[in-house]
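Structural characterization, general
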Amino acid sequence: MPATVMDGIAVARHTRAQLEGRVEALAARGAPCGLAVIIVGDNPASRVYVRNKVKACGEIGIHSEMIELPADVARETLLARIGALNADPGIHGILVQLPLPRHLDVKEVLETISLLKDVDGFHVESMGALMAGLPGFWPCTPYGVMMILDYYKVPLSGANAVVIGRSNIVGKPQALMLLARDATVTICTSMTRDLARHTRAADILVVATGRARMVTGDMIKPGAVVVDVGINRLPDGKLCGDVDYDSAAAVAGLITPVPGGVGPMTITMLLANTVHAAESAADIHA
Ligand code: GUN
(Lines give C-alpha, C1' and ligand atoms only; values in the text may rest on other atoms or scores of the structure.)
Protein backbone atom coordinates (compact mmCIF):
# COMPACT_ATOMS: atom_id res chain seq x y z
CA MET A 1 0.00 0.00 0.00
CA PRO A 2 1.48 3.39 -0.91
CA ALA A 3 2.31 5.77 1.92
CA THR A 4 -0.15 8.28 3.31
CA VAL A 5 0.95 11.80 2.41
CA MET A 6 1.56 14.16 5.33
CA ASP A 7 0.18 17.39 3.92
CA GLY A 8 2.20 20.33 5.26
CA ILE A 9 -0.10 22.83 3.59
CA ALA A 10 -3.07 21.45 5.56
CA VAL A 11 -1.11 21.45 8.84
CA ALA A 12 0.04 25.01 8.15
CA ARG A 13 -3.53 26.14 7.41
CA HIS A 14 -4.82 24.51 10.61
CA THR A 15 -2.02 26.01 12.73
CA ARG A 16 -2.34 29.48 11.20
CA ALA A 17 -6.11 29.52 11.82
CA GLN A 18 -5.44 28.88 15.52
CA LEU A 19 -2.76 31.56 15.60
CA GLU A 20 -5.09 34.07 13.98
CA GLY A 21 -7.44 33.79 16.96
CA ARG A 22 -4.56 34.43 19.37
CA VAL A 23 -3.44 37.45 17.32
CA GLU A 24 -7.00 38.83 17.49
CA ALA A 25 -7.10 38.29 21.26
CA LEU A 26 -3.83 40.22 21.65
CA ALA A 27 -5.14 43.09 19.53
CA ALA A 28 -8.37 43.15 21.59
CA ARG A 29 -6.24 43.63 24.71
CA GLY A 30 -4.49 46.57 23.07
CA ALA A 31 -1.27 44.57 22.63
CA PRO A 32 -0.97 43.95 18.87
CA CYS A 33 1.70 41.50 17.83
CA GLY A 34 4.73 42.70 15.80
CA LEU A 35 7.64 41.14 13.90
CA ALA A 36 10.68 42.95 12.47
CA VAL A 37 12.60 41.34 9.62
CA ILE A 38 16.03 42.74 8.76
CA ILE A 39 17.53 42.06 5.37
CA VAL A 40 21.06 43.17 4.53
CA GLY A 41 22.00 43.47 0.86
CA ASP A 42 20.04 42.22 -2.12
CA ASN A 43 20.43 38.44 -2.26
CA PRO A 44 17.46 37.52 -4.52
CA ALA A 45 16.58 34.31 -2.66
CA SER A 46 16.64 36.16 0.68
CA ARG A 47 14.34 38.82 -0.72
CA VAL A 48 11.80 36.17 -1.72
CA TYR A 49 11.97 34.51 1.73
CA VAL A 50 11.59 37.83 3.52
CA ARG A 51 8.69 38.91 1.34
CA ASN A 52 6.94 35.59 2.09
CA LYS A 53 7.44 36.09 5.83
CA VAL A 54 6.03 39.62 5.73
CA LYS A 55 3.06 38.43 3.63
CA ALA A 56 2.33 35.54 6.03
CA CYS A 57 2.30 37.99 8.95
CA GLY A 58 -0.24 40.19 7.17
CA GLU A 59 -2.50 37.21 6.47
CA ILE A 60 -3.07 36.53 10.17
CA GLY A 61 -2.97 40.13 11.37
CA ILE A 62 0.58 40.34 12.72
CA HIS A 63 2.14 43.77 12.21
CA SER A 64 5.46 43.42 10.40
CA GLU A 65 8.31 45.74 9.52
CA MET A 66 10.85 44.97 6.84
CA ILE A 67 14.12 46.78 7.43
CA GLU A 68 16.33 46.87 4.37
CA LEU A 69 19.98 47.76 4.87
CA PRO A 70 22.68 48.09 2.21
CA ALA A 71 25.19 45.26 1.69
CA ASP A 72 27.99 47.49 3.03
CA VAL A 73 26.11 48.52 6.17
CA ALA A 74 28.44 49.25 9.09
CA ARG A 75 28.46 46.68 11.89
CA GLU A 76 27.61 49.42 14.39
CA THR A 77 24.60 50.56 12.36
CA LEU A 78 23.17 47.05 12.18
CA LEU A 79 23.76 46.35 15.87
CA ALA A 80 22.18 49.72 16.77
CA ARG A 81 19.08 48.88 14.70
CA ILE A 82 18.74 45.56 16.51
CA GLY A 83 19.22 47.34 19.84
CA ALA A 84 16.41 49.77 19.00
CA LEU A 85 14.11 46.88 18.04
CA ASN A 86 14.99 45.09 21.29
CA ALA A 87 13.69 48.16 23.13
CA ASP A 88 10.58 48.65 20.95
CA PRO A 89 7.47 47.43 22.83
CA GLY A 90 5.53 47.06 19.56
CA ILE A 91 8.01 44.50 18.23
CA HIS A 92 7.94 41.00 19.75
CA GLY A 93 10.05 39.10 17.26
CA ILE A 94 13.25 40.08 15.45
CA LEU A 95 14.65 38.09 12.57
CA VAL A 96 17.87 38.83 10.71
CA GLN A 97 17.73 37.05 7.38
CA LEU A 98 20.79 34.89 6.63
CA PRO A 99 23.22 34.74 4.97
CA LEU A 100 24.84 38.06 5.90
CA PRO A 101 27.60 39.81 3.92
CA ARG A 102 31.03 38.53 4.91
CA HIS A 103 32.17 41.63 6.78
CA LEU A 104 29.53 40.98 9.44
CA ASP A 105 30.01 38.48 12.26
CA VAL A 106 26.87 36.31 12.18
CA LYS A 107 27.29 35.12 15.76
CA GLU A 108 27.67 38.66 17.06
CA VAL A 109 24.64 39.84 15.10
CA LEU A 110 22.40 36.97 16.21
CA GLU A 111 23.46 37.35 19.81
CA THR A 112 22.56 41.02 19.81
CA ILE A 113 18.90 40.00 19.41
CA SER A 114 17.09 39.91 22.77
CA LEU A 115 16.47 36.33 23.90
CA LEU A 116 12.84 37.34 24.45
CA LYS A 117 12.53 38.27 20.76
CA ASP A 118 14.69 35.52 19.20
CA VAL A 119 11.88 34.02 17.13
CA ASP A 120 14.31 32.22 14.80
CA GLY A 121 15.80 30.42 17.81
CA PHE A 122 19.32 30.92 16.45
CA HIS A 123 20.77 32.67 19.54
CA VAL A 124 23.27 30.38 21.26
CA GLU A 125 21.30 30.68 24.51
CA SER A 126 18.08 29.64 22.74
CA MET A 127 19.94 26.59 21.45
CA GLY A 128 21.26 25.94 24.94
CA ALA A 129 17.75 26.18 26.40
CA LEU A 130 16.53 23.54 23.94
CA MET A 131 19.45 21.32 24.91
CA ALA A 132 18.72 21.77 28.62
CA GLY A 133 14.95 21.32 28.23
CA LEU A 134 14.30 24.88 29.40
CA PRO A 135 11.78 27.34 27.91
CA GLY A 136 13.03 29.22 24.86
CA PHE A 137 12.38 29.64 21.17
CA TRP A 138 12.81 26.61 18.93
CA PRO A 139 14.15 26.93 15.38
CA CYS A 140 11.21 27.03 13.03
CA THR A 141 11.93 24.18 10.60
CA PRO A 142 12.47 21.34 13.11
CA TYR A 143 9.64 22.75 15.24
CA GLY A 144 7.43 22.56 12.14
CA VAL A 145 8.44 18.92 11.65
CA MET A 146 7.31 18.19 15.23
CA MET A 147 3.95 19.85 14.48
CA ILE A 148 3.49 17.66 11.39
CA LEU A 149 4.35 14.50 13.35
CA ASP A 150 1.88 15.48 16.08
CA TYR A 151 -0.85 16.39 13.59
CA TYR A 152 -0.59 12.91 12.11
CA LYS A 153 -0.40 11.40 15.63
CA VAL A 154 2.94 9.68 15.03
CA PRO A 155 3.96 7.93 18.26
CA LEU A 156 7.32 9.32 19.33
CA SER A 157 7.98 7.77 22.73
CA GLY A 158 10.25 4.77 22.32
CA ALA A 159 10.40 5.12 18.52
CA ASN A 160 13.71 4.74 16.71
CA ALA A 161 14.25 8.16 15.10
CA VAL A 162 17.08 8.77 12.66
CA VAL A 163 18.00 12.31 11.63
CA ILE A 164 20.33 12.70 8.66
CA GLY A 165 22.06 16.09 8.91
CA ARG A 166 23.69 17.91 11.79
CA SER A 167 23.18 21.60 11.04
CA ASN A 168 22.48 23.99 13.89
CA ILE A 169 19.28 25.05 12.14
CA VAL A 170 17.72 21.64 11.46
CA GLY A 171 19.58 18.42 12.28
CA LYS A 172 20.84 19.10 15.80
CA PRO A 173 17.70 20.83 17.12
CA GLN A 174 15.53 18.18 15.44
CA ALA A 175 17.37 15.44 17.27
CA LEU A 176 16.97 17.28 20.60
CA MET A 177 13.23 17.82 20.04
CA LEU A 178 12.70 14.14 19.27
CA LEU A 179 14.83 13.14 22.26
CA ALA A 180 12.75 15.40 24.50
CA ARG A 181 9.72 13.36 23.41
CA ASP A 182 11.45 10.12 24.41
CA ALA A 183 12.42 8.92 20.95
CA THR A 184 15.65 6.94 20.65
CA VAL A 185 17.62 9.23 18.36
CA THR A 186 20.51 8.59 16.00
CA ILE A 187 22.15 11.47 14.12
CA CYS A 188 23.78 10.53 10.83
CA THR A 189 26.01 12.73 8.66
CA SER A 190 27.65 12.58 5.26
CA MET A 191 30.49 10.69 6.98
CA THR A 192 28.26 7.94 8.41
CA ARG A 193 29.45 4.49 7.40
CA ASP A 194 26.73 2.22 6.00
CA LEU A 195 24.02 4.86 6.19
CA ALA A 196 21.35 2.39 5.00
CA ARG A 197 21.95 0.18 8.05
CA HIS A 198 20.85 3.10 10.23
CA THR A 199 18.00 4.32 8.05
CA ARG A 200 16.52 0.82 7.74
CA ALA A 201 16.19 0.69 11.52
CA ALA A 202 14.29 3.99 11.64
CA ASP A 203 10.62 4.13 12.60
CA ILE A 204 10.91 7.88 11.94
CA LEU A 205 13.41 9.19 9.41
CA VAL A 206 14.08 12.93 9.05
CA VAL A 207 16.29 13.86 6.13
CA ALA A 208 18.02 17.25 6.00
CA THR A 209 21.14 16.83 3.89
CA GLY A 210 20.67 19.20 0.96
CA ARG A 211 21.41 16.34 -1.45
CA ALA A 212 18.72 15.68 -4.02
CA ARG A 213 17.00 12.28 -3.72
CA MET A 214 19.79 10.71 -1.71
CA VAL A 215 17.47 8.54 0.38
CA THR A 216 15.85 5.84 -1.73
CA GLY A 217 13.08 3.35 -1.00
CA ASP A 218 15.51 0.47 -0.37
CA MET A 219 16.92 2.46 2.58
CA ILE A 220 13.54 2.72 4.31
CA LYS A 221 11.90 0.31 6.75
CA PRO A 222 8.45 -0.75 5.51
CA GLY A 223 5.79 1.42 7.17
CA ALA A 224 8.27 4.03 8.44
CA VAL A 225 7.46 7.73 8.80
CA VAL A 226 9.62 9.74 6.40
CA VAL A 227 10.04 13.51 6.69
CA ASP A 228 11.90 15.27 3.91
CA VAL A 229 13.33 18.66 4.90
CA GLY A 230 15.28 19.12 1.66
CA ILE A 231 14.40 21.37 -1.22
CA ASN A 232 16.58 21.10 -4.29
CA ARG A 233 16.23 22.41 -7.80
CA LEU A 234 16.92 19.85 -10.54
CA PRO A 235 18.57 20.79 -13.85
CA ASP A 236 15.11 20.73 -15.51
CA GLY A 237 13.94 23.40 -13.06
CA LYS A 238 11.70 21.07 -11.01
CA LEU A 239 11.89 20.97 -7.21
CA CYS A 240 12.68 17.79 -5.32
CA GLY A 241 13.57 16.79 -1.81
CA ASP A 242 16.44 14.87 -0.27
CA VAL A 243 14.27 11.75 -0.49
CA ASP A 244 13.52 9.97 -3.75
CA TYR A 245 9.77 10.37 -3.35
CA ASP A 246 8.44 7.69 -5.67
CA SER A 247 10.58 4.81 -4.40
CA ALA A 248 10.21 5.97 -0.77
CA ALA A 249 6.43 6.36 -0.96
CA ALA A 250 6.14 2.76 -2.12
CA VAL A 251 7.69 1.56 1.17
CA ALA A 252 6.93 4.20 3.82
CA GLY A 253 3.77 4.39 5.93
CA LEU A 254 3.67 8.19 6.04
CA ILE A 255 5.72 10.64 3.99
CA THR A 256 5.99 14.39 3.40
CA PRO A 257 6.07 15.58 -0.22
CA VAL A 258 8.34 18.31 -1.64
CA PRO A 259 7.00 20.88 -2.18
CA GLY A 260 4.02 20.97 0.18
CA GLY A 261 5.53 19.14 3.15
CA VAL A 262 7.86 20.76 5.67
CA GLY A 263 8.28 24.00 3.68
CA PRO A 264 4.94 25.64 4.60
CA MET A 265 5.57 24.87 8.28
CA THR A 266 8.78 26.91 8.58
CA ILE A 267 7.07 30.28 8.21
CA THR A 268 4.09 28.99 10.22
CA MET A 269 6.33 28.31 13.21
CA LEU A 270 7.93 31.74 12.83
CA LEU A 271 4.42 33.14 13.22
CA ALA A 272 3.82 30.82 16.18
CA ASN A 273 7.02 31.95 17.89
CA THR A 274 6.12 35.60 17.29
CA VAL A 275 2.63 35.16 18.75
CA HIS A 276 4.12 33.35 21.74
CA ALA A 277 6.61 36.19 22.25
CA ALA A 278 3.81 38.74 22.14
CA GLU A 279 1.72 36.73 24.60
CA SER A 280 4.66 36.46 26.99
CA ALA A 281 5.21 40.23 26.73
CA ALA A 282 1.50 40.74 27.54
CA ASP A 283 1.82 38.23 30.39
CA ILE A 284 -0.47 35.70 28.72
CA HIS A 285 0.69 32.12 29.18
CA ALA A 286 -0.68 30.03 26.34
N1 GUN B 1 17.95 31.96 5.69
C2 GUN B 1 17.43 30.79 5.23
N3 GUN B 1 16.53 30.30 6.11
C4 GUN B 1 16.50 31.17 7.14
C5 GUN B 1 15.74 31.21 8.34
O6 GUN B 1 14.93 30.34 8.67
N7 GUN B 1 15.97 32.29 9.14
C8 GUN B 1 16.86 33.26 8.81
N9 GUN B 1 17.02 34.27 9.67
N10 GUN B 1 17.57 33.24 7.71
C11 GUN B 1 17.37 32.20 6.88
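In short, a report on the structure. Worth saying up front: this structure is predicted, and the values here are computed from it rather than measured. (Residues numbered from 1 in each chain as written. Predicted model: local features only at pLDDT ≥ 70, side-chain atom pairs only at ≥ 80, totals over all residues. Heavy atoms only, no water.)

Okay, the overall build of the protein next. Helix and strand content of the protein: 10 helices and 11 strands. On C-alpha atoms alone, the protein measures out to a radius of gyration of 19 Å, which is about the 19 Å that the 2.2 N^0.38 rule sets for 286 residues. The C-alpha extent of the protein, read off along each of the three principal axes, is 55 × 40 × 35 Å. A total of 286 residues make up the protein; the buried ones form 48% of that total. Restricting the contact set of the protein to residue pairs at least 6 apart, pairs at least 24 apart contribute 70%. Total accessible area on the protein is roughly 13400 Å²; 57% of this is exposed by carbon and sulfur atoms. The positive charge centre, built from 25 side chains, and the negative charge centre, built from 28, are 4 Å apart in the protein. (Helix = DSSP H or I, 4+ residues; strand = E, 2+ residues; numbered from the N terminus. Rg over C-alpha atoms; globule rule 2.2 N^0.38 Å. Buried < 20%, exposed > 50% of the residue type's maximum accessible area, 1.4 Å probe, protein only. Contact = heavy atoms within 4.5 Å. Areas by Shrake-Rupley, 256 points an atom, 1.4 Å probe, with all protein chains shown as cover. Lys, Arg positive; Asp, Glu negative; His and termini not counted. Charge placed at Lys NZ, Arg CZ, Asp CG, Glu CD.)

All right, on to the pairing of strand 8 (residues 225-228) then. Covered by surrounding structure in strand 8 are Val225 and Val227 together with Val226 and Asp228, the residues of both alternating faces. Sheet topology places strand 7 (residues 204-207) next to strand 8; 4 bridges connect them, and they run parallel. Across the sheet, the residue bridging to Leu205 is Val226, located in strand 8. Direction of pairing for strand 8 relative to strand 11 (residues 254-255): parallel, over a ladder of 2 bridges. In the strand pairing of strand 11, Val226 is matched with Ile255. (Pairing = 2+ DSSP bridges.)

A word on helix 5 (residues 124-132). Ser126, Ala129 and Leu130 are the residues of helix 5 that are buried. The buried residues of helix 5 occupy an angular sector of 100° when projected down its axis, which confines them to one face. Along helix 5, exposed side chains directed more than 90 degrees from the buried face belong to Met131 and Ala132. Residues of helix 5 that are buried in the fold lie against helix 7 (171-180). (Arc of directions from axis to C-beta.)

Keep in mind these numbers describe shape, not what the thing actually does.
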